[in-house]
Amino acid sequence: MLQINNLNKKYDELLVLEDINLEIADSEFICLLGPSGCGKTTLLRIVAGLEQATTGSITLNNQTVTSTNTCIGMVFQEYALFPWRNILDNAIFGLEMKGVDKETARTKTRKYLRPLGLEQFEKSYPHELSGGMKQRVAILRALLIKPEVLLMDEPFGALDAQTRNQLQTELLKIWNKDKKTVLFVTHSVDEAVYLADRVIIFSNRPGKIRKMIEINLPRPRDRTSMEVNKIRNKVLKALGAEQETHDQNKTNTNQ
Amino acid sequence: MPHGRLLRLISFAGAIIIWEIAASVINNTLFLPRFTEVIQTFYSVVASGDLLRDLFESLMHFGIGLGLGIIIAIPIGMMMGWSRTADNIIDPLVELVRPIPPIAWIPFAIMWLHLTHYTAGFIVFIGVVFPILINTYAGFKDTPHILIESARVLGCRTDRDLIKKVALPYALPSIATGVRIAMGVGWMCVVAAELFGVSNHGLGYKIWWYKDLHQMDGVLTYMLILGLVSLTIDQIFRQIIDEKLLKWKTGLVRSK
């Protein structure tokens, strides 16, 4: 279980996250949704151990998370593949760091390339691949170290709609198989409703948890079905209220 | 023969013909030796074995300086690029010494090391150390933060690992560029240092020697040899670097 307890984050005097409390069950799929600048990425980075909370703590199975560790994997929007390594060697990076011999790691990893459609590309370099393929490699790379929690920071944000849908489906397939806990930051309501067990809606800065919406629909979900639509409206409404206060604040400060 | 290569050949041959005609018209070998004279001199220095000896000594001066420069500049550049503290400590010293032209070091080099190969090596070293250092530094400093973070979440945590697995491979193209620039500067320094008689052989030394003999064909021969050697070294270096180390750089992989 992943727990976020009374977490606050300040940059100098600027409060970006306020009093975040969150309990995430094992293999739960969580989407974090909120206006830009609300601190959801910061929260993810704190969970990853890339940044420190100002106060409060993160615990994973009752152990406090203080720095990066291999129980927690992360996928970035910018893919963050190593440009000097080919696809296969990018994927094995985490195994290599665990001390697995390179050849063994390569052999072990090759079999995962095929279902992702990356088989012929193992010797290609990242700049030769499309965004969707790069992100597939990044996800594989993150999963190969067998983390308990997978953090995803707008992983499909830079992809075209079709690739995006495709990757969402693939991600669910993978998640279905080994049921990791997933924390997924997104801007897209559709994406959140399609993927999540629970959508967490953040307020404007300082980011607070405004609302949580559980989604108990079976997967794969039909993006156009009535039920999905209903939940989408619910999420949009919660988000819309947030957007309005955001705009109001803006006009207030402008005056 | 491809069109491009033919044009290059015509351009090259044209230049030689114009040179030969101009020299014939001027008819003063001190002012401009003829191409044919230069070729004859070239044959004689090759035949006498002089060229080999000169080449060997110059390459030795070059090698001492470049080798030392690489050994010293890369670690310092890495430290400065990686750690702000190291940057703050070393940078002012570097910026103080860097603008001094390498040739200005010759008097001290001679005082310290006398008229030896090491003096020439030292001047070359002064010439090469800064381009390598600055480019290593820039490469390290440019390492995208996201790559460091992505390595950290994958279990690469110590500074040593992050440098070895992320910053160094990322900076390699930049370091290679630094070495390439340095080799150009270093070669200039070879000639300058040898003018001061650190040895009785060497490509640079011979230029001065032939000048004193008023044999300008010899001077020109050695000038051309200097150019050719420098070009060859650069080409070899590029081949090795481009094909072995930097094939991940955009455009290089598929074009071959």
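Because the structure is predicted, anything quoted here is derived from the model rather than measured.

Peer 1: Even after reading the chapter, I still don't get the overall build of chain A, so can you show me in this structure?
Peer 2: Helix and strand content of chain A: 8 helices and 10 strands. Over its C-alpha atoms chain A spans a radius of gyration of 19 Å, differing by no more than 12% from the 18 Å that the globule rule assigns to 255 residues. Expressed as lengths along the three principal axes of its C-alpha atoms, the size of chain A is roughly 60 × 40 × 35 Å. Residue burial in chain A is summarised as follows: out of 255 residues, 55% are buried. Surface exposure of chain A reaches about 11,700 Å², of which carbon and sulfur atoms provide 48%. Placing the 35 positive and 31 negative side-chain charges of chain A at their respective mean positions leaves the two points 3 Å apart.

Peer 1: Even after reading the chapter, I still don't get the sheet that holds strand 4 (residues 55-60) of chain A, so can you show me in this structure?
Peer 2: Pairing between the strands of a sheet is mediated by backbone hydrogen bonds and can be parallel or antiparallel. Residues and elements named next belong to chain A. The 4 strands lie next to each other as 2-1-4-5, forming an open sheet whose pairing is antiparallel. Looking along the sheet, the strands with just one partner apiece sit at the ends: strand 2 (14-24) and strand 5 (63-64). Strand direction decides the pairing type here: strand 1 (residues 2-11) and strand 4, joined by 5 bridges, are antiparallel. Note that in strand 4 the partner of isoleucine 4 across the bridge is isoleucine 58. Packing of helix 1 (residues 40-48) onto the sheet brings it into contact with strand 1, strand 2 and strand 4, and relative to strand 1 it is tilted by some 120 degrees.

Peer 1: Where do I start with a nonpolar patch on the surface in this structure?
Peer 2: Nonpolar side chains collect at one region of the surface, where Leu6, Leu7 and Ile10 of chain B lie side by side and expose about 280 Å² of accessible area between them. Within the fold, leucine 6 of chain B resides in helix 1 (residues 3-26).

Peer 1: Please explain the environment of phenylalanine 93 of chain A as it appears in this structure.
Peer 2: Mapped onto the elements of the fold, phenylalanine 93 of chain A is located in helix 3 (residues 93-97). Put simply, phenylalanine 93 of chain A and asparagine 233 of chain A are 140 residues apart on the chain and 42 Å apart in space, counted from C-alpha to C-alpha. Residues contacting phenylalanine 93 of chain A, with those up to four places away along its chain left out, are Phe82, Arg85 and Arg141 of chain A together with Ala151, Leu154, Cys156 and Lys165 of chain B.

Peer 1: Honestly, helix 4 (residues 84-97) of chain B in this entry has me stumped. Any pointers?
Peer 2: The periodicity of an α-helix, 3.6 residues per turn, causes residues three or four positions apart to be oriented the same way. All names here are of chain B. Under the 1.5 Å per step criterion, the end-to-end length of helix 4 is 20 Å for 14 residues, consistent within 8% with the ideal 20 Å. Of all the bends in helix 4, the largest measures some 35 degrees and sits at isoleucine 90, one to four residues before the proline proline 92. Buried residues of helix 4: Ala86, Asp87, Ile90 and Val94, and no others. Contacts from the buried residues of helix 4 go to helix 3 (50-82) and helix 6 (117-142). Regarding helix 4, its N-cap is serine 83, as a side-chain oxygen of that residue lies 3.3 Å from the backbone nitrogen of threonine 85 further along.

Peer 1: I'm lost on the environment of arginine 164 of chain A in this one. Help?
Peer 2: Residues and elements named next belong to chain A. With respect to the helices and strands, the residue arginine 164 is situated in helix 6 (residues 161-178). As a C-alpha pair, arginine 164 and glutamate 191 span 27 residues in sequence and 8.9 Å in three-dimensional space. Dropping the residues within four chain positions of it, arginine 164 is found in contact with Phe156, Gly157, Leu159, Thr186, Ser188 and Glu191.

Peer 1: I'm lost on the sheet that holds strand 3 (residues 29-33) of chain A in this one. Help?
Peer 2: All names here are of chain A. Strand order in the open sheet formed by 6 strands is 6-7-8-3-9-10, and the pairing between neighbours is mixed. The open sheet has two edge strands with one neighbour each: strand 6 (72-75) and strand 10 (209-214). Neighbour to neighbour, the strand axes of the sheet diverge by 20 degrees on average, direction disregarded. Where strand 6 lies against strand 7 (residues 149-153), 4 bridges are found, and the strand directions are parallel.

Peer 1: Would you mind going over the interface of chain B and chain A with me for this structure?
Peer 2: In many analyses, interface size is given as the accessible surface area lost on bringing the parts together. Taken together, the 23 residues of chain B in the interface contact 28 residues of chain A. Across the chain B to chain A interface the summed buried area is about 2,300 Å²; carbon plus sulfur atoms make up 66%. Three residues, Val153, Leu154 and Trp248 of chain B, lead the burial of chain B against chain A; their summed loss comes to 32% of the area buried on that side. Applying the counting rule to chain B against chain A returns 2 salt bridges. With its nearest N and O atoms 2.6 Å apart, the salt bridge here joins glutamate 96 of chain A to lysine 165 of chain B. At the junction of chain B with chain A, the criterion picks out 6 residue pairs in polar contact (both at pLDDT 80 or more). Sort the elements by how many residues they give to the side of chain B that touches chain A and helix 7 (residues 145-153) of chain B lands first, with 7 residues.

Peer 1: In this structure, what is going on with the pattern of salt bridges? I would like to understand it.
Peer 2: Applying the stated criterion to the full structure yields 25 salt bridges over all chains. Glutamate 57 of chain B is the partner of arginine 53 of chain B in a salt bridge, and the nearest nitrogen-oxygen pair spans 3.2 Å. In this pair, arginine 53 of chain B and glutamate 57 of chain B are both assigned in helix 3, 4 residues apart and thus about one turn of the helix distant. Residue class for glutamate 57 of chain B comes out buried when judged on its relative accessible area of 6%. The partner of arginine 180 of chain B in a salt bridge is aspartate 234 of chain B, and the shortest N-O contact between them spans 2.9 Å. One end of the pair, arginine 180 of chain B, is in helix 8 (residues 159-194); the other, aspartate 234 of chain B, is in helix 10 (residues 216-245), with 54 residues separating them in the sequence. Under the relative-accessibility criterion, aspartate 234 of chain B is labelled buried at 18%. Here the salt bridges share partners, and the residues they tie into one network are Lys9, Arg45 and Glu51 of chain A together with Glu149 of chain B.

Peer 1: Before we go on, may I ask you to explain the nonpolar core in this structure?
Peer 2: A general trend in soluble globular proteins is that nonpolar side chains are found buried together. Within the largest apolar cluster, 51 residues are counted, with the highest numbers of intra-cluster contacts made by Phe62, Phe122, Ile123, Ile132, Trp187, Leu203 and Tyr222 of chain B. Setting aside chain neighbours within four positions, we find phenylalanine 62 of chain B in contact with Val124, Met183, Gly186, Trp187, Val190 and Ile233 of chain B. The next biggest cluster of nonpolar side chains, apart from the first, holds 50 residues, and it includes Leu113, Ala142, Leu159 and Ile215 of chain A.

Peer 1: In this structure, what is going on with the packing of helix 1 of chain B against helix 2 (residues 35-47) of chain B? I would like to understand it.
Peer 2: How two helices sit against one another is set out by the angle between their axes and by the gap between those axes. Residues and elements named next belong to chain B. It is the contact of helix 1 with helix 2, at a shortest axis distance of 8 Å, that shows an interaxial angle of 105 degrees. Here helix 1 lies roughly perpendicular to helix 2, going by the angle between them. Judged by residue contacts, Ile16, Trp19 and Glu20 of helix 1 engage Phe35, Thr36 and Val38 from helix 2. For the contact of helix 1 with helix 2, a count of residues per class yields 4 nonpolar, 1 polar and 1 charged.

Peer 1: Mind showing me how you'd approach the pairing of strand 3 of chain A here?
Peer 2: For a regular strand, side chains alternate in direction, first toward one face of the sheet and then toward the other. Residue and element names in this part refer to chain A. Counting buried positions along strand 3 yields 5 of 5 residues, so the element is predominantly enclosed. The alternating pattern of strand 3 places Phe29, Cys31 and Leu33 and Ile30 and Leu32 on opposite faces, both of which are buried. Taken together, the 5 bridges between strand 3 and strand 8 (residues 181-186) define a ladder with parallel strand orientation. Paired with leucine 32 across the strands is valine 185, a residue of strand 8. Bridge analysis of strand 3 against strand 9 (residues 198-202) gives 4 bridges, and the strand direction is parallel. Note on strand 9: the bridge partner recorded for leucine 32 is isoleucine 200.

The rules behind the values
Residues numbered from 1 in each chain as written. Chains lettered and ligands numbered in written order. Predicted model: local features only at pLDDT ≥ 70, side-chain atom pairs only at ≥ 80, totals over all residues. Heavy atoms only, no water. Helix = DSSP H or I, 4+ residues; strand = E, 2+ residues; numbered from the N terminus. Rg over C-alpha atoms; globule rule 2.2 N^0.38 Å. Buried < 20%, exposed > 50% of the residue type's maximum accessible area, 1.4 Å probe, protein only. Areas by Shrake-Rupley, 256 points an atom, 1.4 Å probe, with all protein chains shown as cover. Lys, Arg positive; Asp, Glu negative; His and termini not counted. Charge placed at Lys NZ, Arg CZ, Asp CG, Glu CD. Pairing = 2+ DSSP bridges. Contact = heavy atoms within 4.5 Å. Axes fitted to C-alpha atoms, helices over the stretch in contact; angles between N-to-C directions. Patch = residues over 30% accessible without salt bridge, like charges linked within 9 Å, V, L, I, M, F, W, Y side chains within 5 Å. Salt bridge = Lys/Arg side-chain N within 4 Å of Asp/Glu carboxyl O. Expected span 1.5 Å × (residues − 1). Bend = angle between axes of the 7 residues up to and from the residue. Polar contact = N/O pair within 3.5 Å; in protein donor to acceptor, adjacent residues only side chain to side chain. Buried area = accessible area lost by both parts, 1.4 Å probe. Core = buried A, V, L, I, M, F, W, Y, C linked by side-chain atoms within 4.5 Å. Parallel < 35°, antiparallel > 145°, perpendicular 65-115°, else oblique. Nonpolar A, V, L, I, M, F, W, Y, C, P; charged D, E, K, R; others polar.

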